[in-house]
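Notes for the structure review
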Amino acid sequence: MKALNLSLANEKKAKYLIIADAIRAAIKTEQVAQGELLPSARTLAQQLNVNRHTVMAAFAELVAQGWVESRERASYRVVKFLPIQTSKSLEVNLESTAVLKPFKWQFAKQVCSDTHLASANKKASEYLFNFSGGQPDIRQFPFDEFKSYFAQVCQRPNMQQLSYGDNQGEQALIEQISIYLRRVRSITEKKVMICNGSQEALYMISQLLLQTGDYVAVEQLGYPPAWAAFKSAGAKLLAIKQDEKGVVPEHLAKELAKGKIKLIYLTPLHQYPTTVTLDIQRRRQIYQLASQYGVAIVEDDYDHEFHYDSQPAAPLAAEDPQGLVIYISTFSKLMFGGARVGYVAATDELIAQLAQYKMLINHKSNVLIQHAVAKWMEQGGFEAHLRRMTRLYHKRRDHMVALLKSYQRQGLSIEFAIPAGGMAIWLNVGKSVKGLKEKLLAQGVYIQTEEEFNINKQLPSNAYQHIRLGFAAMTEDEVQEGVATVMGELFGSPK
Ligand SMILES: Cc1ncc(COP(=O)(O)O)c(C=O)c1O
């Protein structure tokens, strides 16, 4: 007599799964009752003419699915409450608790929803012409060459490095960045830490140094993702006035004197979004003020690589006897935003705390990309790419300047200062830019307007008269066509 009446399906899957299905069907049709002992694996194996281990695997599968439980000495019993019954009784219970509403999330924190962040999430390729100011020309990135660095890392993987630990970043990359910062930014006294882009650094700094109600002094026209990070820690923003020489120290001094400011956030080299380089005298004054009031400065040196007219001014971090400057920068402009490689340079103490904090969020940054970038830097590819891109962007800046000047000669009331570096031009169009972004988006053109960068959103609409035009990501022909569309929308069709 058969131990169980099992009918095995003729399916293309592992034998033990077919047997498990058949046993489950036997349970469902109550050949064996709930709580009853099943025939032994040996008996079933003989009956089905299969190896005993195949039946054991089928039993294990049924245990995992909750149909069977194992008893001592390798015997198996049908569970007292079958999985279908458990979910059925749950359904009954749920039905009896009136209407099933979607689960209501209770968010403990409100994430700052910023239009700037939302638009940054769109892919550059979604636009016909993308004038986003921080956008590099990703088409120029040497992917073929770069993949060889990845290959090198994968050919000789270091098991130790591939695991957890070293939250501060991979030593190879830290060394390369430290050398680079010493050579090009004269930063010698600081420890380096790798993070997932400078945004992660801004977030961690905010969480470590700010409390609810603290004030952060920021540029009146500034970088909204940094503001969002400060606000996420409960801080309030205090806008410092700026003019054609950058942030106004006298205004900062007045605000610092009130004793509420805990942190100063600046983009001194190419002020974001105006591209103005902070006056050297003011730079010193600001450092002295920070030192006098015991307030740290976050110096965001996001695109220092691209400076055209001279050597870029040294950062505040290069002369920081007090160690109060937290320097941050990124590979997002040299590579692409999705690379998520950024870094912080600061005192040992702060870096140690940041490394601890990083462990809480994501342990460490991606090891493969860190080693690939380290090899890129070590073997000279990085420097060659940097030189090539600086030449290209310099040419593109000159082209955009010439183009805008030609519109000025046609009588258009546009004004701008030629940026000494960076990837964008801050253009005064002499009239309100309210609604311009949307009108251009409808034509496939992405630009950013003053309102997005101005901390004060309540000014009369004709107070916002600037747009930011990135010149790095597009060819000269593309820029020509895109700018023609922008000018056409603003002033009719001068072309
Ligand atoms: C002022 C500023 N800081 C930082 C960044 C870079 O951020 P991340 O390194 O997070 O890509 C950008 C890029 O647009 C920027 O404009």
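The protein is annotated in an unreviewed UniProt entry as PLP-dependent aminotransferase family protein from Litorilituus lipolyticus. According to the UniProt record, the Sequence similarities (unreviewed entry) comment for the protein reads "In the C-terminal section; belongs to the class-I pyridoxal-phosphate-dependent aminotransferase family."

1. Some thoughts on the overall build of the protein
On a plain count of helices and strands, the protein comes out with 18 helices and 17 strands. Taking 495 residues into account, the globule formula puts the C-alpha radius of gyration at 23 Å, and the protein, at 31 Å, lies well above it. Summarising its shape, the C-alpha atoms of the protein cover approximately 100 × 55 × 50 Å along the three principal directions. In the protein, which comprises 495 residues, the proportion classed as buried is 48%. Within the protein, contacts between residues separated by at least 24 positions form 72% of all contacts whose residues are at least 6 apart in sequence.

2. Observations concerning the pairing of strand E10 (residues 296-300)
Along E10, 5 of the 5 residues are buried, which leaves the element largely enclosed by surrounding structure. Along E10, one buried face is formed by Ala296, Val298 and Asp300 and the opposite face, lined by Ile297 and Glu299, is buried too. Pairing of strand E9 (residues 261-266) with E10, which is carried by 4 bridges, proceeds in the parallel orientation. Looking at the pairing, Leu266 lines up with Glu299 of E10. Tracing the backbone out of E9, into helix H12 (residues 280-293) and back to the parallel element E10 gives a crossover that is right-handed.

3. A few points about empty space enclosed by the protein
Under the definition given, this model contains 2 cavities of 30 Å³ or more. Approximately 30 Å³ is the volume attributed to the second largest cavity. Every residue along the wall of the second largest cavity is listed here: Pro136, Asp137, Phe141, Lys333, Leu334, Met335, His385, Met389 and Tyr393. For the lining of the second largest cavity, the domains that each give at least three residues are domain 2 (141-383) and domain 3 (385-491).

4. Concerning unusual backbone geometry
Peptide bonds are, in most cases, trans, and in most cases residues other than glycine have a negative phi. Along the chain, Tyr272 connects to Pro273 via a cis peptide bond; the corresponding omega equals 15°. In the Ramachandran plot, Asp166 falls in the positive-phi region, its phi being about 50° despite a non-glycine side chain. Phi at Ser186 is positive, roughly 55°, even though this residue is not glycine. Note on placement: Ser186 falls in the loop between helix H8 (171-185) and strand E4 (191-195).

5. Comments concerning the pairing of E4
E4 sits mainly inside the fold: 4 of its 5 residues count as buried. Pairing analysis gives 5 bridges linking E4 to strand E12 (residues 342-346), with the strands arranged antiparallel. For Ile194, the partnering residue across the bridge sits in E12 and is Tyr343.

6. Some thoughts on the UniProt feature "domain: HTH gntR-type" (unreviewed entry) in the protein
The feature "domain: HTH gntR-type" (unreviewed entry), as given by UniProt, occupies residues 13-81 in the numbering adopted here. As annotated, residues 13-81 has a helix share of 52% and a strand share of 9%, and its two end C-alpha atoms lie 28 Å apart.

7. A short note on the pattern of salt bridges
Considering all chains together, one arrives at 20 salt bridges under this definition. Lys191 is the partner of Asp348 in a salt bridge, and the nearest nitrogen-oxygen pair spans 3.6 Å. On the criterion of sequence distance, the pair formed by Asp348 in helix H13 (residues 348-362) and Lys191 in strand E4 is long-range, its members being 157 residues apart. Residue classification places Lys191 among the partly exposed positions, given a relative accessible area of 35%. The shortest N-O distance in the salt bridge between Asp398 and Arg397 comes to 2.9 Å. What makes Asp398 partly exposed here is its relative accessible area of 37%. The network of salt bridges with common partners includes Glu11, Lys13, Asp21 and Arg24.

8. Some thoughts on the sheet that holds strand E14 (residues 424-428)
The strand order E13-E14-E17-E16 describes an open sheet built from 4 strands, whose pairing is antiparallel. Whereas interior strands pair on both sides, the edge strands pair on one side only; in this sheet they are strand E13 (415-416) and strand E16 (448-449). Here E14 pairs with strand E17 (residues 466-470) via 5 bridges, running antiparallel. Considered in E17, the bridge of Trp426 is made with Arg468.

9. Notes on the site of the ligand
All residues adjacent to the ligand are Gly197, Ser198, Gln199, Tyr223, Tyr272, Asp300, Tyr302, Thr330, Ser332, Lys333 and Arg340. Within the contact set of the ligand, an oxygen atom lies 2.7 Å away from a backbone nitrogen or oxygen of Ser198. Asp300 places a side-chain nitrogen or oxygen 2.6 Å from a nitrogen atom of the ligand. Considered on its own, the ligand offers 400 Å² of accessible surface; in the complex 90% of this is hidden by protein. Among the elements that make up the shell around the ligand, the one with the highest residue count is helix H9 (residues 197-209) (3 residues). Residues belonging to the shell around the ligand are distributed by class as follows: 3 nonpolar, 5 polar and 3 charged.

Quick notes on the rules
- Residues numbered from 1 in each chain as written.
- Predicted model: local features only at pLDDT ≥ 70, side-chain atom pairs only at ≥ 80, totals over all residues.
- Heavy atoms only, no water.
- UniProt positions renumbered as here; feature names shortened; annotations may be inferred.
- Helix = DSSP H or I, 4+ residues; strand = E, 2+ residues; numbered from the N terminus.
- Rg over C-alpha atoms; globule rule 2.2 N^0.38 Å.
- Buried < 20%, exposed > 50% of the residue type's maximum accessible area, 1.4 Å probe, protein only.
- Contact = heavy atoms within 4.5 Å.
- Pairing = 2+ DSSP bridges.
- Right-handed = clockwise from strand over helix to strand, strands pointing away.
- 1 Å grid on protein atoms, 1.4 Å probe; cavity = no way out; pocket = protein on both sides within 12 Å on 5 of 7 lines; lining within 4 Å.
- Points joined across faces, edges and corners; volume = space filled by probe spheres on them.
- Domains from an automatic or database assignment.
- Salt bridge = Lys/Arg side-chain N within 4 Å of Asp/Glu carboxyl O.
- Near = heavy atom within 4 Å.
- Polar contact = N/O pair within 3.5 Å; in protein donor to acceptor, adjacent residues only side chain to side chain.
- Areas by Shrake-Rupley, 256 points an atom, 1.4 Å probe, with all protein chains shown as cover.
- Nonpolar A, V, L, I, M, F, W, Y, C, P; charged D, E, K, R; others polar.

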